[in-house]
Protein chains: 8
Amino acid sequence: MQWQVYLSGEIHTDWREQIAQGCQALGLPIQFVGPVTDHAASDAAGDLLGVPADNFWRDHQSARVNQIRTQTLIQRADLVVVRFGPQYKQWNAAFDAGYCAALGKPYITLHDADLVHPLKEVDAQALAWAQTPQQVVELLAYQCQGLSRD
Amino acid sequence: MQWQVYLSGEIHTDWREQIAQGCQALGLPIQFVGPVTDHAASDAAGDLLGVPADNFWRDHQSARVNQIRTQTLIQRADLVVVRFGPQYKQWNAAFDAGYCAALGKPYITLHDADLVHPLKEVDAQALAWAQTPQQVVELLAYQCQGLSRD
Amino acid sequence: MQWQVYLSGEIHTDWREQIAQGCQALGLPIQFVGPVTDHAASDAAGDLLGVPADNFWRDHQSARVNQIRTQTLIQRADLVVVRFGPQYKQWNAAFDAGYCAALGKPYITLHDADLVHPLKEVDAQALAWAQTPQQVVELLAYQCQGLSRD
Amino acid sequence: MQWQVYLSGEIHTDWREQIAQGCQALGLPIQFVGPVTDHAASDAAGDLLGVPADNFWRDHQSARVNQIRTQTLIQRADLVVVRFGPQYKQWNAAFDAGYCAALGKPYITLHDADLVHPLKEVDAQALAWAQTPQQVVELLAYQCQGLSRD
Amino acid sequence: MQWQVYLSGEIHTDWREQIAQGCQALGLPIQFVGPVTDHAASDAAGDLLGVPADNFWRDHQSARVNQIRTQTLIQRADLVVVRFGPQYKQWNAAFDAGYCAALGKPYITLHDADLVHPLKEVDAQALAWAQTPQQVVELLAYQCQGLSRD
Amino acid sequence: MQWQVYLSGEIHTDWREQIAQGCQALGLPIQFVGPVTDHAASDAAGDLLGVPADNFWRDHQSARVNQIRTQTLIQRADLVVVRFGPQYKQWNAAFDAGYCAALGKPYITLHDADLVHPLKEVDAQALAWAQTPQQVVELLAYQCQGLSRD
Amino acid sequence: MQWQVYLSGEIHTDWREQIAQGCQALGLPIQFVGPVTDHAASDAAGDLLGVPADNFWRDHQSARVNQIRTQTLIQRADLVVVRFGPQYKQWNAAFDAGYCAALGKPYITLHDADLVHPLKEVDAQALAWAQTPQQVVELLAYQCQGLSRD
Amino acid sequence: MQWQVYLSGEIHTDWREQIAQGCQALGLPIQFVGPVTDHAASDAAGDLLGVPADNFWRDHQSARVNQIRTQTLIQRADLVVVRFGPQYKQWNAAFDAGYCAALGKPYITLHDADLVHPLKEVDAQALAWAQTPQQVVELLAYQCQGLSRD
């Protein structure tokens, strides 16, 4: 059994690589996917269609172009990991979590203990809260235990 | 035709009252609902069941108790208005927006122009972005135009 | 049993009034709803939120504001009547028909015989094709036959 | 990750080939599908079952035979591109767009700037509006960026 | 609590009246609905739209007109009773049962013991098999037991 | 706003009455529904259709007759309360909880602390765990706070 | 693109083989599946679990065992062909058609012209009516036209 | 055709192995999956995230971690077998059955005759009740009969 895991949220640290490498080291049958994580490219995703005069609509156009990918990959995923870092608003991460909750798509969160209170509604629907990428790797290893790799 | 509108998000200003009073002044056939907006009561919503020893689980328990109401009322609503104020993380508001998006439930956002960039993914699925409660009232008046009140 | 019927499409003739009056004359228990049919108001529906610099985004904003109403009313309706007149592109009417088809929402079409060929995909999912408002009235009267009015 | 993209709409120019060749040149892992684009064959799709005496029912029968394919392929697709050319009514293309909207299936449109106003309801639910096949190729290349080809 | 019950199938005996009168005698809070049971009117339901030259398409048109009503009323119903009599093919009744099964809509069957074997697939998804209208009345009375009438 | 609450599970104590009376004393706008709680009547629910020779099929027939009511009432409910008492297997209560979980229907559990471990999977999807009927009353009162009674 | 086609209905003639061989001769990328067509084995499908004393429950048990397969295969299929022969009640075939209709699963019918009237409700939701296996082969060949075989 | 079968319930006997070996001996194209069946590991599944101070929340955390796997595997399965043994509460097994019922996912039960009465609601939605692993093997062999192995 092959798992597909979508890694949503923070793009300024290497948490995605830590999880992917940790799972690879264990030989887990997991394919990781996620959004485009090049910040500038993501903000400009719609510019190839023409740059709107208003900032709002430029952002709107790029965000909708990005949703082609995020909607498709989240709907295909078996599990979504939503990461909140110490900086920035990260409303897109909370939006993805709400999106998963309504779809009945399992998700877990990854954040430090000092974000527990403001994330309580997001965590309340998550199937787990992890504090480190290593914990996520262990959780994923547990899920794969005893399953055939085919 | 009676509309039911859920007012999600910020609880520290009187934007809910402004919208409700503006619609009432126009005689619009709209019923407004929303979360419990007493901050302390909301944080303690689960305490009557016993107070967990860990902060995480106390928050978790209260957040789940609150979701009995928010899930039911959002699913019943015809439209959701999601308000982001200038302060706090407000991840619950972004979570509600993502929840609406996945359900195909129409929602609009209400926030100042300086939040446009961090809210771009949330706005990208919204059917409108308003900057003032008065604009929301006008939008709602437009929706009701020419419909029987029965 | 009360029926709710959504009248979609052409806004330049009085077909909506003909159907409503015909049904009222027969005392049928039907409530009719539809989009805002004031053309100028509909095109400007989003302008109260600020007028975008680009025509595309002005249209986009107004169209999304109108979809708050059309999505809600179509989802509530028992039956949708989609009218195509002799003029204009009327892609919004075909869009509404496709929207109904995917939802499994019953719809019928109302158009002249010379539009049969270009509308064949739209008619192929419709439960009936009528050529006159009077035929629609008769169809609706048939649906109500023998049902209690409560 | 393999993408499946459905190409809906206009059948009188080579836009499908342009997109397919552009993506092939970039080595993108995308499979393109679409309706039968031989106009005469499509109109006669149902004739093998017997030709109805009335034109309406001949069109009806062929359109329903074609929907076996279009419904199946649209439901399987990750993304739908809906093309509107300068000629003809093309209500089937708008119908496909509405069908996608109700399913929550991501779609984008491809049309010239002079069709912006009549297509505003169709564009309002699209995740992007492109004006050239080359823009579609670039959009698709962006979606595939950084994803494994397996 | 008010129940809505759809009575599907045979139209040549008075089983619908027996059930309705039996429930009325007990004062049960149930509203009964069903198809148009005037055989000739039902076969001619589409003729007001013009009579197709081919018998197949005349039947097709009338059957689709009837489905406006049957689809709507079955989807609204809390329970469907499907009656099979001793005569005729009655494929429409079995079709309604399959339709209910896929929707997860509770249905029961009403037929004599000599139809048990050919109806085994239909009965296998039914929540009950009754042999007389009086049994259906008793079943419905049981369902209402102890519920408030509001 | 009127709430509908389904009370599932144990039928040997008066917990339903305690909750209903507690809510009535507070004037909460809640309608309570539930299964038929007369044990003998429930076991014999299908006997009016003829008593099967095998015990398994007698139980099967009665259980399916009861599901006409339970499925309908659970699907209509805003919230389900699932009660586990100290005795009996009560697999039907756990079944109802799983049914709610898959529907995305909010439910809470009501049981003593010594059942926490064997009920952990049931509680894991519940939005709250209460130990007394009085706690359920307080939870419901909280949900209704600040909502109009219309 | 590989198609999966479910062949439902009559089991006393070789129509399934005719369709499969016709498609194989054309090299169409179609996998055919269907129910167990050994009549005696199908009627006895549940007997291995013990033979119920009542005929009704023996039929019931076997029919439910068969539905494990039919439900799974119909839900996986891209298209269902429902065959009605000149003999027997064949209510299971009409049941499968209704099941497909409610799922939005495309189906076509295969029957002689003298069954048109009693099958009008079944045909009304079918995407095509064929009279011979050869016509079904041609229809399927048309669906596969121009699609890659991968 | 490959089947995926989820084996839910009792973890203290070797019924899973008996079914898997029986099917392997017959060369059936079935992949079996299930929960983590190491009791201690399952109870401690969440402990790697930190051990909550309260027993209730420790159980809650572990149960939610386990649901990542069970929800995903049940939703992917073609059939679920739910086993009830002679000991323990086994509410999780009944919960899985209710979960399947609401999803429309076919499931069968496996238990001794003395559990028939308390399991009547669970069996009432099951497509079969087996008493031995060997019967399950025979049932599965029947399902695969005549299907291609590809």
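Structure: above.
As the structure is a prediction and not an experimental result, all values here were calculated from the model. (Residues numbered from 1 in each chain as written. Chains lettered and ligands numbered in written order. Predicted model: local features only at pLDDT ≥ 70, side-chain atom pairs only at ≥ 80, totals over all residues. Heavy atoms only, no water.)

**Q** Got a sec to walk through the overall build of chain A? Specific residues and values, please.
**A** Helix and strand counts for chain A come out as six helices and five strands. Listing every helix and strand of chain A by position from the N terminus yields β-α-β-α-α-β-α-β-α-β-α. Scaling as 2.2 N^0.38, a compact globule of 150 residues should have a C-alpha radius of gyration of about 15 Å, and chain A matches this with 16 Å. Taken along its principal axes, the extent of the C-alpha atoms in chain A is 55 × 35 × 30 Å. If you take every contact in chain A between residues at least 6 apart in sequence, the share linking residues at least 24 apart comes to 63%. If you sum the accessible surface of chain A, you get close to 5,200 Å²; carbon and sulfur atoms cover 49% of it. Averaged over its 10 positive side-chain charges, chain A has a centre that lies 5 Å from the centre of its 16 negative ones. (Helix = DSSP H or I, 4+ residues; strand = E, 2+ residues; numbered from the N terminus. Rg over C-alpha atoms; globule rule 2.2 N^0.38 Å. Contact = heavy atoms within 4.5 Å. Areas by Shrake-Rupley, 256 points an atom, 1.4 Å probe, with all protein chains shown as cover. Lys, Arg positive; Asp, Glu negative; His and termini not counted. Charge placed at Lys NZ, Arg CZ, Asp CG, Glu CD.)

**Q** Mind laying out the environment of phenylalanine 32 of chain G, listing which residues take part and the relevant values?
**A** Residues and elements named next belong to chain G. Within the secondary structure layout, phenylalanine 32 lies in strand E2 (residues 30-33). Look at phenylalanine 32 and you get partly exposed, because its relative accessible area is 21%. Between the alpha carbons of phenylalanine 32 and lysine 120 there is a distance of 26 Å; along the sequence they are 88 residues apart. In contact with phenylalanine 32, not counting residues within four places along its chain, are Val5, Leu7, Ile19, Ala20, Cys23 and Leu140. (Buried < 20%, exposed > 50% of the residue type's maximum accessible area, 1.4 Å probe, protein only.)

**Q** Which residues make up the interface of chain E and chain F, and what values do they have?
**A** Across the boundary between the two partners, chain E contributes 26 residues, which contact 20 residues of chain F. Of the roughly 1,900 Å² buried between chain E and chain F, counting both surfaces, carbon and sulfur atoms make up 56%. Between chain E and chain F we count one salt bridge in total. At the junction of chain E and chain F, the tally comes to nine residue pairs in polar contact (both at pLDDT 80 or more). For the side of chain E that touches chain F, the secondary structure elements donating two or more residues are helix H5 (120-125), strand E5 (129-130) and helix H6 (133-144) of chain E. (Buried area = accessible area lost by both parts, 1.4 Å probe. Salt bridge = Lys/Arg side-chain N within 4 Å of Asp/Glu carboxyl O. Polar contact = N/O pair within 3.5 Å; in protein donor to acceptor, adjacent residues only side chain to side chain.)

**Q** A description of the environment of lysine 89 of chain H should follow, citing residues and the corresponding values.
**A** Structurally, the position occupied by lysine 89 of chain H is in the loop between strand E3 (79-83) and helix H4 (91-103). Overall, lysine 89 of chain H belongs to the partly exposed group, its relative accessible area being 26%. In this view, lysine 89 of chain H contacts Tyr88, Trp91 and Pro118 of chain F; residues no more than four positions away in its chain are not counted.

**Q** Mind laying out the interface of chain B and chain A, listing which residues take part and the relevant values?
**A** Taken together, the contacts link 36 residues of chain B with 36 residues of chain A. It is Phe56, Trp91 and Phe95 of chain B in chain B that bury the most area against chain A; as a group they hold 23% of the surface buried on that side. At the boundary of chain B with chain A, the tally comes to two salt bridges. For lysine 120 of chain A, the salt bridge identified is with aspartate 43 of chain B, shortest N-O distance 3.3 Å. Our count for the chain B to chain A interface comes out at 14 residue pairs in polar contact (both at pLDDT 80 or more).

**Q** So what's going on with the packing of helix H1 (residues 15-25) of chain D against helix H6 (residues 133-144) of chain D? Which residues, and what values?
**A** Residues and elements named next belong to chain D. Direction vectors running N to C along H1 and H6 enclose 40 degrees, while the axes themselves pass 9 Å from each other. Relative to H6, the crossing made by H1 is right-handed. Across the interface between the two elements, Trp15, Gln18, Ile19, Gly22 and Cys23 of H1 pack against Pro133, Val136, Val137 and Leu140 of H6. Classifying every residue of the contact of H1 with H6 gives seven nonpolar, two polar and no charged. (Axes fitted to C-alpha atoms, helices over the stretch in contact; angles between N-to-C directions. Left-handed = near helix turned anticlockwise from the far one by under 90°. Nonpolar A, V, L, I, M, F, W, Y, C, P; charged D, E, K, R; others polar.)

**Q** I'd love a proper account of helix H1 (residues 15-26) of chain A, names of residues and values included.
**A** Residue and element names in this part refer to chain A. Taking 1.5 Å per residue as the helical rise, H1 with its 12 residues ought to reach 16 Å, and the 17 Å between its terminal C-alpha atoms agrees with that figure. Inspection of H1 places Trp15, Arg16, Ile19, Gly22 and Cys23 among the buried residues, and these make up the whole buried set. Taken around the axis of H1, the buried residues stretch over an arc of 140 degrees, which confines them to a single face. What points out from H1, more than 90 degrees from its buried face, is the exposed set Gln21, Gln24 and Ala25. Those residues of H1 that are buried are in contact with strand E1 (3-9), strand E2 (30-33), strand E3 (79-83), strand E4 (107-110) and helix H6 (133-144). With its phi angle positive at about 70 degrees, glycine 27 sits one or two positions after the end of H1. (Expected span 1.5 Å × (residues − 1). Arc of directions from axis to C-beta.)

**Q** I'd like to hear about the packing of aromatic side chains, residue by residue, with values.
**A** Inspection of the entire model under this criterion finds 28 aromatic pairs over all chains. Note on phenylalanine 56 of chain C and tryptophan 57 of chain C: the rings are 4.8 Å apart at their centroids and 90 degrees apart in plane angle, and the pair reads as edge-to-face. Tryptophan 57 of chain C sits in the buried class, given a relative accessible area of 6%. Three or more aromatic residues link up through ring pairs in this structure, and these residues are Phe56 and Trp57 of chain A, Trp129 of chain B, Phe56 and Trp57 of chain C together with Trp129 of chain D. (Phe/Tyr/Trp six-rings, centres within 6.5 Å; stacked < 30°, edge-to-face > 60°.)

**Q** Outline the pattern of salt bridges, listing residues and values.
**A** Summed over the entire model, instances satisfying the criterion amount to 40 salt bridges over all chains. When salt bridges with common partners are traced through the structure, they connect Asp43 of chain A together with Lys120 and Glu121 of chain B into a single cluster.

**Q** How would you sum up the sheet that holds E5 of chain E? Please name residues and give values.
**A** Reading across from one edge, E2-E1-E3-E4-E5 (chain E) is the order of the five strands in this open sheet, with parallel pairing throughout. Each of the sheet's edge strands pairs with one partner strand only, and the pair in question is strand E2 (30-33) and E5 of chain E. Judged from the four bridges that link them, strand E1 (residues 3-9) of chain E and E2 of chain E form a sheet pairing that is parallel. Across the sheet, the residue bridging to tyrosine 6 of chain E is valine 33 of chain E, located in E2 of chain E. Helix H3 (residues 55-76) of chain F contacts E1, strand E3 (79-83) and strand E4 (107-110) of chain E of the sheet and is inclined by roughly 125 degrees relative to E1 of chain E. (Pairing = 2+ DSSP bridges.)

**Q** I'd like a description of the arrangement of the chains, backed by residues and values.
**A** With no contact formed, the shortest span from any C-alpha in chain C to any C-alpha in chain F equals 17 Å. Between chain B and chain G there is no contact, and the shortest C-alpha to C-alpha distance separating them is 19 Å.

**Q** Break down the relation of the copies chain E and chain F for me, with residues and values.
**A** For the match of chain E to chain F, the screw axis carries a shift of 0.0 Å, the RMSD comes to 0.0 Å, and the turn is 90 degrees. When the rotation and shift are considered jointly, the pair of chain copies conforms to a four-fold rotation axis. Identified as the residue of chain E closest to the rotation axis by C-alpha distance is arginine 76 of chain E, at 8.5 Å. (Least-squares fit on C-alpha atoms with pLDDT ≥ 70 in both.)

**Q** Can you break down the pairing of E3 of chain H residue by residue, with the values?
**A** Residue and element names in this part refer to chain H. A large share of E3 lies buried, amounting to five of its five residues. Burial along E3 is two-sided: the face carrying Leu79, Val81 and Arg83 and the face carrying Val80 and Val82 are both buried. Alignment of strand E1 (residues 3-9) against E3, held across five bridges, turns out to be parallel. For valine 5, the partnering residue across the bridge sits in E3 and is leucine 79. Two strands pair when backbone bridges link them, and E3 and strand E4 (residues 107-110) are joined in this way by four bridges, in the parallel orientation. Looking at the pairing, valine 82 lines up with threonine 109 of E4.

**Q** So, the relation of the copies chain B and chain A: which residues are in play, and what are the values?
**A** With an RMSD of 0.0 Å, the operation that places chain B on chain A is a rotation of 180 degrees combined with a shift of 0.0 Å along the axis. Those values place the two copies in the arrangement expected of a two-fold rotation axis. Both copies contact each other with a shared surface, as 100% of the interface residues of chain B are interface residues in chain A too.

**Q** So what's going on with the side chain of arginine 69 of chain F? Residues and values would help.
**A** With respect to the helices and strands, the residue arginine 69 of chain F is situated in helix H3. Comment: no salt bridge for buried arginine 69 of chain F; closest opposite-charge side chain is aspartate 96 of chain F, at 11 Å. Polar contacts involving the side chain of arginine 69 of chain F include one to the main-chain carbonyl oxygen of glutamine 143 of chain E, which spans 2.8 Å. Among the polar contacts listed, one links the side chain of arginine 69 of chain F to the backbone oxygen of glutamine 145 of chain E, at a separation of 2.7 Å. Excluding residues that lie within four positions of it along the chain, arginine 69 of chain F makes contacts with Trp3, Tyr142, Gln143, Cys144, Gln145 and Leu147 of chain E together with Gly34, Pro35 and Val36 of chain F.

That is the geometry; function is a separate question.
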